[in-house]
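Report on the structure
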Amino acid sequence: MSDITSLQAEVKRLQSELNTLDVGGEKITVSEYLLKRLEQLGVKHMFGVPGDFNLAFLDYVEDSPAINWVGNCNELNAAYAADGYARVNEHSIGVITTTFGVGELSAINGIAGAFSEMVPILHIAGVPSTDQQLHKTLLHHTLGDGRFDAYRKASDQFTIAQADITSAATAGAQIDYLLTELITHVRPVYLTLPTNMVAVKISSASLSIPLTPTVVPNDPETEKFVLEEIAKLAKVAEESDDGKDGVVILVDACAIRHGVRDEVKELAEKTGFPVYAAPMGKTAIDEDWERYGGIYLGSLTAPAIKERIENARLIISVGSLKSDFNTGNFTYRIPTRNTVELHSGHTTVQYASFPGIGMKELLPKLSEVLATHRASALKISVPHYRAVVPQDNEKSIMQDWFWPRMAQWFKPKDVIVSETGTSNFGLLDVPLPAQSIFVSQILWGSIGWATGSALGAAIAAQDRGLGRTMLFIGDGSVQLSAQEIATMVKLGLKPILFILNNEGYTIERCIHGKRRKYNDIQNWNWPELLKFFGDDAKGEKSRSYTVRTKEELEALLADATFVSADKIQLVEVIMDKYDAPRALRYVCFEYNAGLR
């Protein structure tokens, strides 16, 4: 099936070349052609940093009526921002533009993270002219040895496809091919744009043909067989009378990345099967839905949820990604004989695999086939997944109290960005409101990612008319990428930044070195940060707060001005340096047990 996919992609590439031959029509520049294609894909903002090899292209970006340039403080943050933008602006892509060598290498960690977590990003690198490359001219930003392809080779490792614009004859076809690969595989791609190709004129004729993913339809006979086998398993599971749940749905990251949220919702509604999520699948389905039961994290799962999933007679897993943190350090206890797995390019039914049977096409048919189980499925109750705030006499803000309290404060359509660390683990344990979007980086886990990502997420949320954007990040993590808060101020964005001040790297203390100096940081004057990053002396563009007790936080959460989120706001939350959320405590216990 991979050979068929490759052949179809090659046919599409050749069609693109034919479409972009000089067949008359309006002539436009390569830059204009690229920007028009991005506009067609729903891109409204481009991230990056100017450099001498991309400046001519940036003139076209700045003059574009459809795409806005977001100048970032550095290329790494720009890549993080493009990542967050793509996650929230679903069914579109993120775009970053850097300069040759020094710029693109700075961005590569962010691009690698997007590759790991299947986030579609176009990385445009402005590079020296084709003549300079041909003659191996000794230029700045080179390695001094004539190797102009060194950075391209580095990017090859972290992108699904690459293209170098070298001639007017093939420029349009290369752009179309690259963007098609991007939206097909939902992973980053890399494009070099030499300085002498920026303003070269090419035909615009093929712009009338929309770009679509290259998808091989499911083989009808194989698909029919798969549906019949799943139906048989579901029938046996539902007819058994042993007190266990019959069929449950477990949704994960790829359901979001490959755009099957609606199909999963339809499956859940038509069948009535209980639905649970893996950490990377959080908010793939509304968490206030009556048939939603919570997060499954292997041995770290809350006992009531763990029992319902692991004792189910059939688990329909949608888009699973079985990484360490996503499975509770590989502690899933789900027998293969009880599992059906649906993926973007294949389906497994118990021990059998069916390549080429993708979930996008399969899910609607599966919903129809299994709809007859609805009446019996609804007889099985699903424990209500809710945030329970502990009642105690503790005055300070503890992790086990903070996260359920915040969950009660969130609103529908909020965009909640969480940093690797205590924030991720704290938010996994609590439900989020309907239509909210949870943005986290659980697989790649790059410290500092969330600040840049929150910038991109806030822009996308504004474009989509969503609710408030909130960032939850530790004081240690934010110090790696805090400059991007200045970009938020510059653009007049209005996120709420919750800085958890627990004097360093609490997640690292939990794993190892509880009292080691390498887990300590220099404390910053957090309430002054927004002024330093561009607010005026009167503080008219922002507000900042420090809360040390539950009482102070409760008062802030009840304040109408704060809740309105009419300007950017920073909340420093003072916490104990050794306190950690429940799930993180268990992860660290499992981790350390494994080390021993």
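Residues numbered from 1 in each chain as written. Predicted model: local features only at pLDDT ≥ 70, side-chain atom pairs only at ≥ 80, totals over all residues. Heavy atoms only, no water.

**Remarks on the overall build of the chain**
In terms of helices and strands, the chain carries 24 helices and 21 strands. On C-alpha atoms alone, the chain measures out to a radius of gyration of 25 Å, which is about the 25 Å that the 2.2 N^0.38 rule sets for 596 residues. Expressed along its principal axes, the backbone C-alpha trace of the chain runs to roughly 70 × 70 × 50 Å. Looking at the chain alone, contacts between residues at least 24 apart form 76% of all its contacts between residues at least 6 apart. (Helix = DSSP H or I, 4+ residues; strand = E, 2+ residues; numbered from the N terminus. Rg over C-alpha atoms; globule rule 2.2 N^0.38 Å. Contact = heavy atoms within 4.5 Å.)

**So, the packing of helix α2 (residues 30–40) against helix α3 (residues 55–63)**
The geometry of α2 relative to α3 is characterised by a closest axis approach of 10 Å and an angle of 50 degrees between their N-to-C directions. The pairing of α2 with α3 is recorded here as oblique in orientation. Here α2 runs over α3; the crossing is right-handed. Listed contacts from α3 to Ser31, Glu32, Leu34 and Leu35 of α2 are Phe57, Tyr60 and Val61. When the residues that make up the contact of α2 with α3 are grouped by side-chain class, the tally is five nonpolar, one polar and one charged. (Axes fitted to C-alpha atoms, helices over the stretch in contact; angles between N-to-C directions. Parallel < 35°, antiparallel > 145°, perpendicular 65-115°, else oblique. Left-handed = near helix turned anticlockwise from the far one by under 90°. Nonpolar A, V, L, I, M, F, W, Y, C, P; charged D, E, K, R; others polar.)

**A few points about the UniProt feature "binding site: Mg(2+)" (unreviewed entry) in the chain**
As annotated in UniProt, the feature "binding site: Mg(2+)" (unreviewed entry) corresponds to Asp475, Asn502 and Gly504 in the numbering used here. Of the residues just listed, which span 30 residues, no C-alpha pair is farther apart than 6.9 Å, and they cluster in one region. Tracing the chain through its elements places Asp475 in helix α18 (residues 475–478). Classification of Asp475 as buried rests on a relative accessible area of 0%. The residues touching Asp475, leaving out its near neighbours within four places in the chain, are Ile499, Leu500, Asn501, Asn502, Glu503, Gly504, Ile521 and Trp526. Tracing the chain through its elements places Gly504 in the loop between β19 (496–501) and α20 (506–511). Its relative accessible area of 5% is what places Gly504 among the buried residues. (UniProt positions renumbered as here; feature names shortened; annotations may be inferred. Buried < 20%, exposed > 50% of the residue type's maximum accessible area, 1.4 Å probe, protein only.)

**So, the nonpolar core**
If you look at the biggest cluster of nonpolar residues, it comprises 86 residues, and the most contacted ones within it are Val318, Phe402, Trp409, Phe472 and Phe498. Residues lining this core come from more than one domain, with at least three contributed by each of domain 2 (220–378) and domain 3 (399–593). (Core = buried A, V, L, I, M, F, W, Y, C linked by side-chain atoms within 4.5 Å. Domains from an automatic or database assignment.)

**Describing the domain arrangement of the chain**
Under the domain assignment used here, the chain contains domain 1 (24–208), domain 2 (220–378) and domain 3 (399–593). Inter-centroid distance (C-alpha atoms) of domain 1 to domain 3 is 31 Å. Taken residue by residue, the interface counts 23 residues in domain 1 and 29 residues in domain 3. Interface of domain 1 and domain 3: buried area, both sides summed, is about 2000 Å²; carbon and sulfur atoms make up 59% of it. At the junction of domain 1 and domain 3, the tally comes to zero salt bridges. Summed over the shared surface of domain 1 and domain 3, the number is 13 residue pairs in polar contact (both at pLDDT 80 or more). Among the elements that take part in the side of domain 1 that touches domain 3, helix α4 (residues 75–88) stands out by supplying eight residues, more than any other. Its residues assigned to classes, the side of domain 1 that touches domain 3 shows eight nonpolar, ten polar and five charged. (Buried area = accessible area lost by both parts, 1.4 Å probe. Salt bridge = Lys/Arg side-chain N within 4 Å of Asp/Glu carboxyl O. Polar contact = N/O pair within 3.5 Å; in protein donor to acceptor, adjacent residues only side chain to side chain.)

**Observations regarding the sheet that holds strand β9 (residues 247–251)**
The sheet built from seven strands is open, its strands ordered β11-β10-β9-β12-β13-β14-β15 with mixed pairing. A strand with exactly one partner marks an edge of an open sheet, and here the two such strands are β11 (292–295) and β15 (352–355). Pairs of neighbouring strands in the sheet enclose a mean axial angle of 15 degrees, with direction left out of account. By the bridge criterion, three bridges tie β9 to strand β10 (residues 275–277) in an arrangement that is parallel. (Pairing = 2+ DSSP bridges.)

**Describing the pairing of strand β7 (residues 189–194)**
Here β7 lies mainly inside the structure; six of its six residues are buried. The alternating pattern of β7 places Val189, Leu191 and Leu193 on one face and Tyr190, Thr192 and Pro194 on the opposite face, and all of these are buried. Note that strand β6 (residues 161–164) and β7 share four bridges and pair parallel. Bridged to Ala161 within β7 is Val189. Handedness of the crossover is the feature at issue here: the chain leaves β6, passes through helix α8 (residues 168–185), returns alongside β7, and the resulting connection is right-handed. (Right-handed = clockwise from strand over helix to strand, strands pointing away.)

**Thoughts on the packing of aromatic side chains**
Here the distance between the centres and the angle between the planes together describe a pair of aromatic rings. In total, this model carries 19 aromatic pairs according to the counting rule given. Ring-pair connections join several aromatic residues into one group, and the members of that group are Phe402, Trp403, Trp409, Phe410, Phe472, Phe498, Tyr545 and Phe562. We note Arg515 situated over the ring of Tyr578; from NZ or CZ to the ring centre the distance is 5.0 Å. (Phe/Tyr/Trp six-rings, centres within 6.5 Å; stacked < 30°, edge-to-face > 60°. Lys NZ or Arg CZ within 6 Å of the ring centre and 35° of its normal.)

**Points about the environment of Lys379**
Locating Lys379 in the fold gives a position in the loop between α14 (374–377) and α15 (399–409). As for Lys379 and Ile230, which are separated by 149 residues in sequence, their C-alpha atoms are 21 Å apart.

**A short note on the sheet that holds strand β17 (residues 437–439)**
Ordered by their spatial adjacency, six strands build an open sheet running β17-β16-β18-β19-β21-β20, and the pairing between neighbours is parallel. Looking along the sheet, the strands with just one partner apiece sit at the ends: β17 and β20 (542–547). Looking at each pair of strands side by side, their axes are set apart by 15 degrees on average, direction ignored. Looking at chain direction, strand β16 (residues 415–418) and strand β18 (residues 469–474) are connected through four bridges and run parallel. What sits directly across from Val417, in β18, is Leu471.

**So, the pairing of strand β13 (residues 339–342)**
Judged by which residues are buried, β13 turns out to be covered on both faces: Thr339 and Glu341 on one side and Val340 and Leu342 on the other are all buried. Pairing geometry for strand β12 (residues 314–318) and β13, over four bridges, is parallel. Paired with Ile315 across the strands is Thr339, a residue of β13. Sheet topology note: the β13/strand β14 (residues 346–349) ladder contains three bridges and is antiparallel. Of the residues in β14, the one forming a bridge with Val340 is Val349. In sequence, β13 turns back onto β14 through a hairpin of three residues.

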